[in-house]
Amino acid sequence: MRRLFPVPVRTSADSSAETSAGERETGARALEDRAAEDREWGLDELADAYAYPEPPHGPSGAFLRANMVSSLDGAAHHDGRSKPLSSDADMRIFGVLRGLADAVVVGAETVRLEGYRPARAREAFAERRAALGQAPAPAIAVVSASLDLDFSTPLFTEPLVPTIVITGAAAAAERIERARAAGAEVVFAGAGPSGRVDAATVVTALAEFGHTRLLTEGGPTLLAQFAAAGVLDELCLAVAPLVTAGDAKRIMDGAELREPEQFTLDSVMEEAGFLFTRYRRIYQ
């Protein structure tokens, strides 16, 4: 993996007054070469590169980061799943982003299609998480208006940290009780007559639980709802060197925003033709 942007440059503060101009130029080139070197990054190095801002609070009271993968022609999945678009480097970054998060927010359809399991504790992140007061692993927070979920799956029967289900006002009482009986935390986010879950309330409700470092892995419908609600703070987008054609959804699939939201490029890394981009929202 090599970093394409930003490339670090040596500042005058990094050099003593006695260092010659030639030595400074050589040192700056060495740092740039190190950044551009194609090598495997360690987990600590990746964790530092993707660390949440401190404090991790956007205007919503939390910091919501999305992690998605897309083909060159814009497909968010192939044959219904994102795995065919992924790579070893993509999965390493996937694991690092989970290792940094308080909670992973995901839509019910994605849980079903991708066969979601509980997040696991990883020794590589144990010290970092303990220092921040985080649980050993992130909670999985499933967004479902209907609570049409299989509560007998490992996501509910084997979590290290209780799974959270986030629902609206129309959820059936029987399903709410089944979720609680399975050990899930039930959170209500949306009290309107439509029964829909309110995307902005999802973020504030999780922040009230103490989950302020949030990661969403989609799917496209949920991510579009977060964007429309104005609570998406960062997008980590892996661009795969693949084309799929077909009619797969884009990484966001929902109503058009009234005005496009503006993001700024924070970093770009590359491995085996995959581009790992990171965009941070610009707040007006």
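Our structure is the block above this text.
It is the contact of helix H3 (residues 88-100) with helix H5 (residues 123-131), at a shortest axis distance of 9 Å, that shows an interaxial angle of 30°. Comparing their axes, H5 and H3 come out roughly parallel. For the pair H3 and H5, the sense of crossing is right-handed. Here Gly95, Val96, Arg98, Gly99 and Leu100 of H3 come into contact with H5, specifically with Phe125, Arg128 and Arg129. Along the lines of polarity and charge, the residues of the contact of H3 with H5 split into three nonpolar, two polar and three charged.

Moving on: the environment of Gly95. Among the secondary structure elements, Gly95 is positioned in helix H3. For the pair Gly95 and Ala47, spaced 48 residues apart in the sequence, the C-alpha separation amounts to 9.8 Å. Sequence-distant contacts of Gly95, that is, excluding residues within four places in its chain, are made with Arg122 and Phe125.

Turning to unusual backbone geometry, a few remarks are in order. Of note, the bond from Glu54 into Pro55 is cis; its omega dihedral lies within 30 degrees of zero at -5°. For the bond running from Gly218 to Gly219, omega is 10°, close enough to zero to count as cis. With respect to the secondary-structure elements, Gly219 resides in the loop between strand E7 (213-216) and helix H9 (220-229). A positive phi angle is found at Ala245, which is not glycine, with a value near 55°. For Ala245, the location among the structural elements is in the loop between strand E8 (234-239) and strand E9 (263-271). The exposure class assigned to Ala245 is exposed, which follows from its relative accessible area of 53%.

In any sheet, the strands associate via hydrogen bonds between backbone groups, in a parallel or an antiparallel arrangement. Pairing in this open sheet of ten strands is mixed, and the strands run E1-E9-E10-E8-E2-E7-E3-E4-E5-E6 from one edge to the other. On the outer flanks of this sheet lie strand E1 (2-5) and strand E6 (185-188), each paired with one strand and no other. If you compare each strand with its neighbour and ignore which way they point, the axes differ by 25° on average. As defined by bridge partners, E1 adjoins E9 across three bridges and the pair is classed as antiparallel. The residue of E9 that forms the bridge with Arg2 is Glu270. Against the sheet, H3 engages strand E2 (63-70), strand E3 (103-107), strand E4 (139-143), E7, E8, E9 and strand E10 (274-281), with an angle of about 165° to E2. Contacts between helix H8 (residues 199-208) and the sheet are confined to E2, E3, E4, strand E5 (164-167), E6 and E7, with E5 contributing the most and set at about 140° to the helix.

The rules behind these values
Residues numbered from 1 in each chain as written. Predicted model: local features only at pLDDT ≥ 70, side-chain atom pairs only at ≥ 80, totals over all residues. Heavy atoms only, no water. Axes fitted to C-alpha atoms, helices over the stretch in contact; angles between N-to-C directions. Helix = DSSP H or I, 4+ residues; strand = E, 2+ residues; numbered from the N terminus. Parallel < 35°, antiparallel > 145°, perpendicular 65-115°, else oblique. Left-handed = near helix turned anticlockwise from the far one by under 90°. Contact = heavy atoms within 4.5 Å. Nonpolar A, V, L, I, M, F, W, Y, C, P; charged D, E, K, R; others polar. Buried < 20%, exposed > 50% of the residue type's maximum accessible area, 1.4 Å probe, protein only. Pairing = 2+ DSSP bridges.

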